[in-house]
Amino acid sequence: MSREEIYEKLNDVFRDVFDDDSITVNDATTSADIDGWDSLEHINLISAVEQEFGIHFGMGQIVSMKNVGEMVDIIASKVK
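Residues numbered from 1 in each chain as written. Predicted model: local features only at pLDDT ≥ 70, side-chain atom pairs only at ≥ 80, totals over all residues. Heavy atoms only, no water.

1. Let's talk about helix α4 (residues 68–78)
Looking at α4, one finds that the buried residues are Val-68, Gly-69, Met-71, Val-72, Ile-74 and Ile-75. The inward-facing, buried residues of α4 abut α1 (3–18), α2 (39–53) and α3 (59–64). Measuring from the side-chain oxygen of the N-cap residue of α4 to the backbone nitrogen of Gly-69 gives 3.1 Å; that N-cap residue is Asn-67. (Buried < 20%, exposed > 50% of the residue type's maximum accessible area, 1.4 Å probe, protein only. Helix = DSSP H or I, 4+ residues; strand = E, 2+ residues; numbered from the N terminus. Contact = heavy atoms within 4.5 Å. Polar contact = N/O pair within 3.5 Å; in protein donor to acceptor, adjacent residues only side chain to side chain.)

2. Digging into the packing of aromatic side chains
Enumeration over the complete set of coordinates arrives at three aromatic pairs. When the ring of Phe-14 is compared with that of Trp-37, the centres are 5.4 Å apart and the planes differ by 75°; the resulting orientation is edge-to-face. Here Phe-14, found in helix α1, pairs with Trp-37, found in the loop between α1 and α2; they are 23 residues apart in sequence, far enough to count as distant. With respect to burial, Phe-14 and Trp-37 carry one shared label: buried. What links up through ring pairs into an aromatic cluster is the set Phe-14, Phe-18 and Trp-37. (Phe/Tyr/Trp six-rings, centres within 6.5 Å; stacked < 30°, edge-to-face > 60°.)

3. Section: the nonpolar core
Among the nonpolar cores identified, the biggest contains 25 residues, and Leu-10, Phe-14, Leu-45, Val-49, Phe-57, Met-71 and Ile-75 are the most heavily contacted of them. Every element with two or more residues in this core is listed here: α1, α2 and α4. Looking at this core element by element, the count peaks at seven residues for α1. Look past the residues within four positions of Val-49 in its chain and what remains in contact with it is Leu-10, Val-13, Phe-57, Met-71 and Ile-75. (Core = buried A, V, L, I, M, F, W, Y, C linked by side-chain atoms within 4.5 Å.)

4. Concerning the environment of Val-79
Tracing the sequence through the fold places Val-79 in the segment after α4. The spacing of Val-79 and Ile-55 is 24 residues in sequence and 7.6 Å in space, taken between C-alpha atoms. Setting aside anything within four residues of it in sequence, one finds Val-79 in contact with Met-1, Phe-53 and Ile-55.

5. So, α2
A turn of α-helix holds 3.6 residues, and therefore any two residues three or four places apart point the same way. With 15 residues, α2 should cover 21 Å at 1.5 Å per step; its first-to-last C-alpha distance of 21 Å lies within 8% of that length. For α2, the set of buried residues is Leu-45, Ile-46, Val-49, Glu-50 and Phe-53. The buried residues of α2 occupy an angular sector of 130° when the element is viewed end-on, so they sit on one face. Along α2, the residues that are exposed and aim more than 90 degrees away from the buried face are Leu-40, Ile-43 and Gln-51. Lining the buried residues of α2 we find α1, α3 and α4. The backbone nitrogen of Leu-40 lies 3.3 Å from a side-chain oxygen of the residue at the head of α2, namely Asp-38. Remark: Gly-54 follows α2 within two positions and exhibits a positive phi of approximately 65°. (Expected span 1.5 Å × (residues − 1). Arc of directions from axis to C-beta.)

Quick look at the structure:
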């Protein structure tokens, strides 16, 4: 799966989780860039991403992600 395909799916997940059709994420997007992205919504987001891509993030991966680009890197490494 290409990064572009991952971003297409991720944008849909972010829009659904945060109920905002205007969201478009990129490599540099962080929680500070999206209204409502707090610790509770982060859990919902991780769960939704795992479900969408059929993967599981390890706790170390979850806490080490600094931006959406790092999330995409992890997804790309798990999805072929």
